[in-house]
Amino acid sequence: MFIVGNIPPETSAPRSRRENRAAILLAGRALFARHGLAGVTFEHIAREARLTRRTIYNHFANVDELFVAVIHQTLRQLKAQVPAAPPGEQQLHPALNRFMRDLLVLFTSTCFSDLHLALVRHGNDHPELRSAFEREILDPLGTSLATYLGTRRARDFHRDPQRGAEEMVAIMLGLAETSRLLGRTSDEAILHGLPLIAAIVQALASAQPNPLCRVA
């Protein structure tokens, strides 16, 4: 049964068009995260946003259009939170530890979790959104990190900076998703992830022969 509360629509003070749109997007994000695209109608959106369905239709033609708008809005918000790669002069171990911890904080945030869950559920029906996620979030992360790794000596890390960066981002994304499935809070996920982060950084920075390293 779909329950969104018993508050009748239009019970709050009149809002501007921009405020109405913001309320619709916020309601859409919450309901899509809880119920998926197929489980949401404009009736549900209207009740959640405390607006009429007519007001919803003034902004979006259908639920699918609203879903796409929610995803793009979330991508813009997350893009502003993407951690920058550390300066090249910083020591490798602490710099990578800090970067990967910041990355895990981003990936375990509620906003990111909602986005990733939506793309997992509906990525096959909306491949353009999955591509936008890679282009707006994952690719910039990999590129900035690869640029940092590329400033290091060859003996310090993976022989291919871009591949090493992509592996690190993928590992952190997998760790965040596992934490979400286990019901961990962001703080718990970070706490459980610290040993793995340290191990990955050690593998990348070690001068010992292994698949992720190059010996000088």
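Residues numbered from 1 in each chain as written. Predicted model: local features only at pLDDT ≥ 70, side-chain atom pairs only at ≥ 80, totals over all residues. Heavy atoms only, no water.

## Let's talk about the environment of Arg50
Now for step 1: Residue placement: Arg50 occurs in the loop between α2 (42–49) and α3 (53–57).
Now for step 2: Separated by 27 residues in sequence, Arg50 and Ala23 place their C-alpha atoms 8.4 Å apart. (Helix = DSSP H or I, 4+ residues; strand = E, 2+ residues; numbered from the N terminus.)

## Focus on helix α5 (residues 92–107)
Along an α-helix, residues three or four positions apart point the same way, because every turn accommodates 3.6 residues.
Now for step 1: Taking 1.5 Å as the rise per residue, α5 with 16 residues should run 22 Å; its terminal C-alpha atoms sit 22 Å apart, in good agreement.
Now for step 2: Of all the residues in α5, the buried ones are Leu92, Ala95, Leu96, Phe99, Met100, Leu103, Leu104, Leu106 and Phe107. Down the axis of α5, the buried side of the element spans an arc of 165°, and every buried residue falls inside it. (Expected span 1.5 Å × (residues − 1). Buried < 20%, exposed > 50% of the residue type's maximum accessible area, 1.4 Å probe, protein only. Arc of directions from axis to C-beta.)

## Quick notes on the confidence of the model for the protein
Now for step 1: Chain-level statistics for the protein give a pLDDT mean of 83 and a share of 84% at 70 or above.
Now for step 2: When pLDDT is averaged over each element of the protein, α2 comes out on top at 96 and helix α9 (residues 186–205) at the bottom at 83.
Now for step 3: Confidence drops under pLDDT 50 across residues 1–7; counting only partners more than four residues distant or on other chains, this segment forms 14 contacts.
Now for step 4: Low pLDDT, under 50, characterises residues 207–216; the predicted model gives this stretch 22 contacts beyond four residues in sequence or across chains. (pLDDT = per-residue confidence, 0-100. Contact = heavy atoms within 4.5 Å.)

## Some words on the environment of Ala170
Now for step 1: Note on placement: Ala170 falls in helix α8 (residues 161–181).
Now for step 2: It is 9.4 Å that separates the C-alpha atoms of Ala170 and Gly142, two residues lying 28 residues apart in sequence.

## A few points about unusual backbone geometry
Now for step 1: Backbone geometry places Arg50, a non-glycine residue, at a positive phi of 60°.
Now for step 2: Classification of Arg50 as partly exposed rests on a relative accessible area of 34%.

## Re the pattern of salt bridges
Now for step 1: For the structure shown, the criterion picks out seven salt bridges.
Now for step 2: Arg163 is the partner of Glu167 in a salt bridge, and the nearest nitrogen-oxygen pair spans 3.0 Å. Taken together, the residues Glu167 and Arg163, both in helix α8 and four residues apart, mark about one turn of the helix.
Now for step 3: Glu167 sits in the partly exposed class, given a relative accessible area of 22%.
Now for step 4: Assessed through its relative accessible area of 45%, Arg163 is described here as partly exposed.
Now for step 5: In this structure, a network of salt bridges that share partners links the residues Lys79, Arg135 and Glu136. (Salt bridge = Lys/Arg side-chain N within 4 Å of Asp/Glu carboxyl O.)

## Structural notes on the packing of helix α1 (residues 17–35) against helix α6 (residues 110–122)
Now for step 1: Here α1 crosses α6 at 55°, and the two axes come no closer than 9 Å. It follows that α1 is oblique to α6 by the angle criterion. In this structure, α1 crosses over α6, and the sense of that crossing is left-handed. The residues of α6 that touch α1, namely those facing Arg29, Phe32, Ala33, Arg34 and His35, are Cys111, Asp114, Leu117 and Arg121. (Axes fitted to C-alpha atoms, helices over the stretch in contact; angles between N-to-C directions. Parallel < 35°, antiparallel > 145°, perpendicular 65-115°, else oblique. Left-handed = near helix turned anticlockwise from the far one by under 90°.)

## Brief notes about the packing of aromatic side chains
Aromatic ring pairs are described here by two measures, namely the spacing of the ring centres and the angle between the planes.
Now for step 1: Taken as a whole and judged by the stated rule, the model has four aromatic pairs.
Now for step 2: With a centroid separation of 4.8 Å and an interplanar angle of 75°, the aromatic rings of Phe42 and Tyr57 are classed as edge-to-face. With a gap of 15 residues between them, Phe42 in helix α2 and Tyr57 in helix α3 connect regions that are remote in the sequence.
Now for step 3: Each residue in the set Phe107, Phe112 and Phe133 is aromatic and connected to the rest through ring pairs, giving one cluster. (Phe/Tyr/Trp six-rings, centres within 6.5 Å; stacked < 30°, edge-to-face > 60°.)

## Describing the environment of Pro87
Now for step 1: Relative to the helices and strands, Pro87 resides in the loop between α4 (63–79) and α5.
Now for step 2: For Pro87, a relative accessible area of 37% translates into the label partly exposed.
Now for step 3: With 60 residues separating them in the primary sequence, Pro87 and Thr147 have C-alpha atoms 9.8 Å apart.

## Concerning the packing of α6 against α8
Now for step 1: At their nearest, the axes of α6 and α8 sit 11 Å apart, and the two run at 95° to each other. Relative to α8, α6 is oriented roughly perpendicular. Together, Phe112, Ser113, His116 and Leu117 of α6 and Leu173, Glu177 and Arg180 of α8 make up the contact between the two elements.
Now for step 2: Here the residues of the contact of α6 with α8 are counted per class, giving three nonpolar, two polar and two charged. (Nonpolar A, V, L, I, M, F, W, Y, C, P; charged D, E, K, R; others polar.)

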